[in-house]
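What follows is each chain in one-letter form.
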Amino acid sequence: MTRTHRIASIPGDGIGPEVVDVARSAVDLLAQQEGFGIDWIDFDWGSEFYRRYGRMMPESGLDELAETDAIFFGAVGAPDISDAVTLWGLLIPIRREFGQYVNLRPAKHVDGLAGPLKNPDGIDLIIVRENSEGEYSELGGRFGRGTPQEFASQDAVFSRHGIERITTYAAHLARKRSGRITSVTKSNGIIHSMTFWDEVVNEIAAEHDDLTWRSVLVDAMSAELVLKPQSHDVIVCSNLFGDILSDLASATIGSLGLAASGNINPERTAPSMFESVHGSAPDIAGQGIANPLAQVSSAAMMLDHLGEQSAAKRLNDAVDSMLRSGQVTQDLGGSLDTKGAEEALLAVLSQ
Ligand code: NAI
Ligand code: MG
């Protein structure tokens, strides 16, 4: 065995374990075929763990994860536990402590896939979302609780360092793709942080003047993603704008059940984390009908990050081939259940 990757597996809640199982079988098969090793390290963290121990993960959780090469994450979220507990007790600490300041969320149209758009041909974009600061900050508070004067305040935090590094990452990515890059802003309304964002983005753009840069207001951008998504390739945005626009972008190609993502530490000083964009889907959990392809595509992003480009490409091609031939689950109008999708995927990979 030439090389072995140590992967932390955190399936989490709801459909998380159902879709992680499928993706892991595909990765194991690819590892065997391509001659590398995968050492899965299982963590049963999530809402069940919380009900038992009052925490989403043990106190030593982050230290245990720090020893691994990557983290493969399903979903968290349970109807009876606040999202503030589940997300801020597990997912957000991992993103922040491990310097995963890039959140990559691709959206690509594949022939044969019916989405809500009349003309989805040629949609192939990737959202580069700032993942560590911005609007999702802990600065602020509630004041005058219970009084008629009660108010809440939440400060957005934008640092020069934070804007520079996310924009630079997006620029390098754009150079590997079409050379087109769009910065999303709202400097006509958010006059302090977003004008700062524009200024720093312009400085980075000047250092990468071989690329074609555009700056688009977030409101106009949401319309463009519906009306002419093909005009965009790499899209760099703040934490909040990226969160919203990536759901919109994934909806244009068909289903949340297809949207993959990576939380990347580009300097590789700590593991990166790969996860489907969708949540734990309590409405369909346990029925065996979840679409596993978002989790599978997230595994492909992970393999690419680990340097297994050939395996990553084969996995992406296998997903495309299933979509093209209509071997899909019910959310995409197909007839397969999760197990059936797994069998179809492994069959494509074995051809
Ligand atoms: P969701 O993504 O879990 O589900 C939204 C809708 O899409 C549901 O109707 C669901 O059945 C469907 N869906 C999602 N993934 C699917 C798949 N793979 N195959 C077929 N259908 C699929 O979002 P929702 O319902 O807003 O949130 C449920 C829980 O998940 C909440 O507790 C939420 O906080 C959490 N959540 C966790 C995330 C994470 O772990 N990264 C991300 C988003 C939500
Ligand atoms: Mg979201």
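Since we're looking at a predicted model, the values are computed, not measured.

Quick notes on the rules
- Residues numbered from 1 in each chain as written.
- Chains lettered and ligands numbered in written order.
- Predicted model: local features only at pLDDT ≥ 70, side-chain atom pairs only at ≥ 80, totals over all residues.
- Buried ≥ 20, exposed ≤ 12 C-beta atoms within 10 Å, placed from the backbone.
- Helix = DSSP H or I, 4+ residues; strand = E, 2+ residues; numbered from the N terminus.
- Pairing = 2+ DSSP bridges.
- Domains from an automatic or database assignment.
- Contact = placed C-beta atoms within 7 Å.
- Nonpolar A, V, L, I, M, F, W, Y, C, P; charged D, E, K, R; others polar.
- Near = placed C-beta within 6 Å.
- Core = buried A, V, L, I, M, F, W, Y, C linked by C-beta atoms within 7 Å.
- Expected span 1.5 Å × (residues − 1).

J.: Hey, could you run me through the pairing of strand S12 (residues 272-276) in this one?
T.: Every regular strand shows the same layout, with side chains that alternate between the two sheet faces. For S12, the buried fraction is high: five of the five residues fall into the buried class. Burial along S12 is two-sided: Ser-272, Phe-274 and Ser-276 facing one way and Met-273 and Glu-275 facing the other are all buried. One ladder, built from four bridges, connects strand S3 (residues 70-75) with S12; its direction is parallel. Within the sheet, the bridge partner assigned to Phe-72 lies in S12 and is Phe-274. Sheet topology places strand S11 (residues 260-264) next to S12; four bridges connect them, and they run antiparallel. Each residue of the ladder has a partner; that of Asn-263, found in S12, is Met-273.

J.: How should I be thinking about the domain arrangement of the protein chain in this particular structure?
T.: Many authors give the size of an interface as the accessible area that is lost as the parts come together. Domain parsing of the protein chain yields domain 1 (1-103 + 259-351) and domain 2 (116-252). Computed from C-alpha coordinates alone, the two centres of domain 1 and domain 2 are separated by 25 Å. With ten residues of domain 1 at the interface, the matching set in domain 2 holds eleven residues. Among the elements of the structure, helix H4 (83-97) and strand S4 (102-108) are those that each provide at least two residues to the side of domain 1 that touches domain 2. A breakdown of the residues in the side of domain 1 that touches domain 2 according to their chemical character gives five nonpolar, three polar and two charged.

J.: I'm lost on the site of ligand 1 in this one. Help?
T.: Near ligand 1 lie 21 residues; those nearest to it are Gly-77, Gly-257, His-278, Gly-279 and Asn-291. Here the shell around ligand 1 is built from residues that sort into eleven nonpolar, six polar and four charged.

J.: What is the right way to read unusual backbone geometry from this model?
T.: Keep in mind that most residues, glycine aside, have a negative phi and that most peptide bonds are trans. Unusually for a residue other than glycine, Arg-268 sits at a positive phi of about 60°. You can see Arg-268 is positioned in the loop between S11 and S12. In this structure, Ala-281 is a non-glycine residue whose phi angle is positive, near 45°. Topologically, Ala-281 is positioned in the loop between S12 and helix H9 (293-305). A count of 22 C-beta atoms within 10 Å places Ala-281 in the buried class.

J.: Could you clarify how one ought to interpret the nonpolar core in this entry?
T.: Soluble, globular proteins show a tendency: their nonpolar side chains are buried together. Counting residues in hydrophobic clusters, the biggest one holds 94 residues, and the most contacted among them are Phe-72, Val-128, Val-296, Ala-299 and Leu-315. Sequence-distant contacts of Val-296, that is, excluding residues within four places in its chain, are made with Val-22, Ala-23, Ala-26, Leu-315, Val-319 and Leu-345.

J.: Would you mind going over H9 with me for this structure?
T.: Helical geometry note: an α-helix holds 3.6 residues per turn, so side chains three or four residues apart project in the same direction. With 13 residues, H9 should cover 18 Å at 1.5 Å per step; its first-to-last C-alpha distance of 18 Å lies within 8% of that length. Most of H9 is tucked away: twelve of the 13 residues are buried. Taken together, the buried positions of H9 are occupied by Leu-293, Ala-294, Gln-295, Val-296, Ser-297, Ser-298, Ala-299, Ala-300, Met-301, Met-302, Leu-303 and His-305.

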